[in-house]
Amino acid sequence: MVLGSEQWVKALITGVSGFVGNHLCELLLSKGYEVIGLSRSEFKDSRIEFHKCDIRNQEEIEQIIKQVNPEEIYHLAALSYIPESLKAPIHTYNTIINGTLNLFEAIRKSNKNPKILFVGSGEVYGESTGGAFSERDAIQPANIYAAAKACAEIITQQYKNTFGLNVILTRPFNHTGPGQSSLYACSSFARQISEMEAGVREFIQVGNINVERDFLDVRDVVNAYYMLMLDGVSGEIYNVSSNYARSISDILNCLFAHSFLESPMIISDNQKIRLNETASRVGDNSKLISQTDWRPEHNLDDTMGELLDFWRKY
Ligand code: A2R
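Digging into the overall build of the protein chain
Working step 1: Broken down by element type, the protein chain carries 10 helices and 14 strands.
Working step 2: Along the three orthogonal principal directions, the C-alpha set of the protein chain runs to about 60 × 45 × 40 Å.
Working step 3: For the protein chain, with 314 residues in total, the buried portion stands at 53%.
Working step 4: About 14,400 Å² of surface is accessible on the protein chain, with carbon and sulfur atoms providing 47% of the total.
Working step 5: Here the protein chain contributes 29 positive and 39 negative side-chain charges, whose respective centroids are spaced 5 Å apart.

Overview of the packing of helix α4 (residues 89–110) against helix α5 (residues 144–163)
Working step 1: Where α4 meets α5, the axes come as close as 9 Å, and the angle between the chain directions of the two elements is 15 degrees. Comparing the axis directions of α4 and α5 gives the class roughly parallel. Between α4 and α5 lies a crossing whose hand is right-handed. On α5, the residues that touch Pro89, Thr92, Tyr93, Ile96, Ile97, Thr100, Leu101, Phe104, Glu105 and Arg108 of α4 are Ile144, Tyr145, Ala147, Ala148, Lys149, Cys151, Ala152, Ile155, Thr156, Tyr159 and Phe163.
Working step 2: A per-class count over the contact of α4 with α5 returns 15 nonpolar, 3 polar and 3 charged.

Digging into the pairing of strand β4 (residues 72–75)
Working step 1: Neither face of β4 is open: one carries Glu72 and Tyr74, the other Ile73 and His75, and all of them are buried.
Working step 2: Examined bridge by bridge, strand β1 (residues 10–14) and β4 share 4 bridges and lie parallel to one another. Bridged to Ile13 within β4 is Tyr74.
Working step 3: For β4 and strand β5 (residues 115–119), the ladder comprises 4 bridges, and the chain directions are parallel. The residue bridging Glu72 from the neighbouring strand is Lys115, located in β5.

Here we look at the sheet that holds strand β12 (residues 246–247)
Working step 1: Here we have 3 strands laid out as an open sheet, ordered β12-β9-β14, and mixed in their pairing. The open sheet has two edge strands, β12 and β14 (280–281), and neither has a second partner.
Working step 2: For strand β9 (residues 212–213) and β14, the ladder comprises 2 bridges, and the chain directions are parallel. When the bridges of β14 are listed, Arg213 appears paired with Arg281.

Regarding the site of the ligand
Working step 1: Neighbouring the ligand are 21 residues, the closest being Ser17, Ser41, Leu76, Ser80 and Tyr145.
Working step 2: In the environment of the ligand, an oxygen atom lies 3.0 Å from a nitrogen or oxygen atom belonging to the backbone of Gly18.
Working step 3: Within the side chain of Ser41, one N or O atom sits 2.3 Å away from an oxygen atom of the ligand.
Working step 4: Expressed as a share of its isolated accessible area of 790 Å², the protein-covered part of the ligand is 86%.

Some thoughts on the sheet that holds strand β3 (residues 49–52)
Working step 1: Spatially, the 7 strands line up as an open sheet ordered β3-β2-β1-β4-β5-β6-β11, and their pairing is parallel. Of all the strands in the sheet, just β3 and β11 (237–240) have a single pairing partner and so form its edges. Averaged over all adjacent pairs, the angle separating strand axes in this sheet is 20 degrees, with direction ignored.
Working step 2: Against the sheet, helix α7 (residues 218–231) touches β4, β5, β6 (166–172) and β11, its axis set at about 145 degrees to β5.

Considerations on the pattern of salt bridges
Working step 1: By the definition in use, this model includes 16 salt bridges.
Working step 2: A salt bridge links Lys109 to Glu62, with the shortest nitrogen-to-oxygen separation between them at 2.9 Å. Here Lys109 is found in helix α4, whereas its partner Glu62 is found in helix α2 (residues 58–68), with 47 residues between them in sequence.
Working step 3: Overall, Lys109 belongs to the partly exposed group, its relative accessible area being 45%.
Working step 4: Note on Glu62: relative accessible area 24%, which makes it partly exposed.
Working step 5: Of the charged contacts, one joins Arg219 and Glu306 as a salt bridge, the two residues approaching to 3.0 Å between their closest N and O atoms.

Things to note about the state of the cysteines
Working step 1: Here the structure, examined in full by the defined rule, presents 0 disulfides.
Working step 2: For the unlinked cysteine Cys254, the closest cysteine sulfur is that of Cys186, found at 9.2 Å.
Working step 3: For Cys254, a relative accessible area of 10% corresponds to the buried category.

A word on the packing of aromatic side chains
Working step 1: For the structure shown, the criterion picks out 10 aromatic pairs.
Working step 2: When the centroid spacing of 5.6 Å and the interplanar angle of 45 degrees are considered together, the rings of Phe104 and Tyr159 count as tilted. In this pair, Phe104 sits in helix α4 while Tyr159 sits in helix α5, placing the two residues 55 residues apart along the sequence.
Working step 3: A relative accessible area of 0% means that Phe104 is categorised as buried.
Working step 4: One cation-aromatic arrangement involves Arg108 over Phe163; the distance from NZ or CZ to the ring centre is 4.7 Å.
Working step 5: In this arrangement the basic side chain of Lys287 is found over the ring face of Tyr238, its NZ or CZ atom lying 4.9 Å from the centre.

What counts, and at which threshold
Residues numbered from 1 in each chain as written. Predicted model: local features only at pLDDT ≥ 70, side-chain atom pairs only at ≥ 80, totals over all residues. Heavy atoms only, no water. Helix = DSSP H or I, 4+ residues; strand = E, 2+ residues; numbered from the N terminus. Buried < 20%, exposed > 50% of the residue type's maximum accessible area, 1.4 Å probe, protein only. Areas by Shrake-Rupley, 256 points an atom, 1.4 Å probe, with all protein chains shown as cover. Lys, Arg positive; Asp, Glu negative; His and termini not counted. Charge placed at Lys NZ, Arg CZ, Asp CG, Glu CD. Axes fitted to C-alpha atoms, helices over the stretch in contact; angles between N-to-C directions. Parallel < 35°, antiparallel > 145°, perpendicular 65-115°, else oblique. Left-handed = near helix turned anticlockwise from the far one by under 90°. Contact = heavy atoms within 4.5 Å. Nonpolar A, V, L, I, M, F, W, Y, C, P; charged D, E, K, R; others polar. Pairing = 2+ DSSP bridges. Near = heavy atom within 4 Å. Polar contact = N/O pair within 3.5 Å; in protein donor to acceptor, adjacent residues only side chain to side chain. Salt bridge = Lys/Arg side-chain N within 4 Å of Asp/Glu carboxyl O. Disulfide = S-S within 2.5 Å. Phe/Tyr/Trp six-rings, centres within 6.5 Å; stacked < 30°, edge-to-face > 60°. Lys NZ or Arg CZ within 6 Å of the ring centre and 35° of its normal.

Right under this line is the structure:
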């Protein structure tokens, strides 16, 4: 039963087994939701109903939507790691574009009108021309992942306009926190520092630490999704961001400050430097703040401490 109400709300999370899916699942369960999860590979959590499904398979997703009949759908499933998308463009487009299309077709054919939250990406804005990106700015996707998310966004709006789907669009910027894969910078640094503390590594390898990004704690991100599902306007796009630029070198120093290391050796690794990497990207979060009760609750310095602890215990 949802806290303060008389009824269970049945929410489907696509991509439940992922980093964000896990945190969203925890949040919705804590609010009393009935959670149904879907992912490509097996996922075990006795508190939820899980469906193993590849969203690229239209029949599979249609079957699940018909059977589950969710009232809310958080659509997270995607190939989310940009370097992997550069190696596998067709897989990326199939998962993000066709996967989204398959989900919407399944909903359209079900003749039900659940509330949907589409998770896009702040990557769609591309290179910054100065200042924070607002939802009114033009999009200029600069890599395969961003182009796939931009295309899926257009499809999402089309399904809202043509078929009346009840869907809110989000553009999350960078997020991090306990449980994140060490493929991503913050988690990679934290993991390497924990290994240096344990004496099994001598130096830390980094990519380009001069770029600036807009970071939120993942728990603030999933709370924004939850609040947008409550108060967001269908068809509207919302940045999910901190409104604040933070350099990767600053993140690294913050992690060092949480560690026991005295003068850690840092080595630059050219293989970690990405093609088409934008120097700075920050999202204006005023629309999210003005239309919902969302406020970021986690201090990023504390998040870095938790991330380091996560890898120390791993
Ligand atoms: O492939 P699995 O079993 O690890 O599941 C991942 C799921 N996923 C899929 N589910 C069904 N059919 C597919 N073809 C398919 N491909 C991927 O999406 C996993 O549960 C989730 C992705 O998790 P992560 O890679 O950890 O991404 P994260 O950080 O949780 O990102 C969530 C959303 C994505 O839309 C990102 O593009 C956005 O937030 O930033």
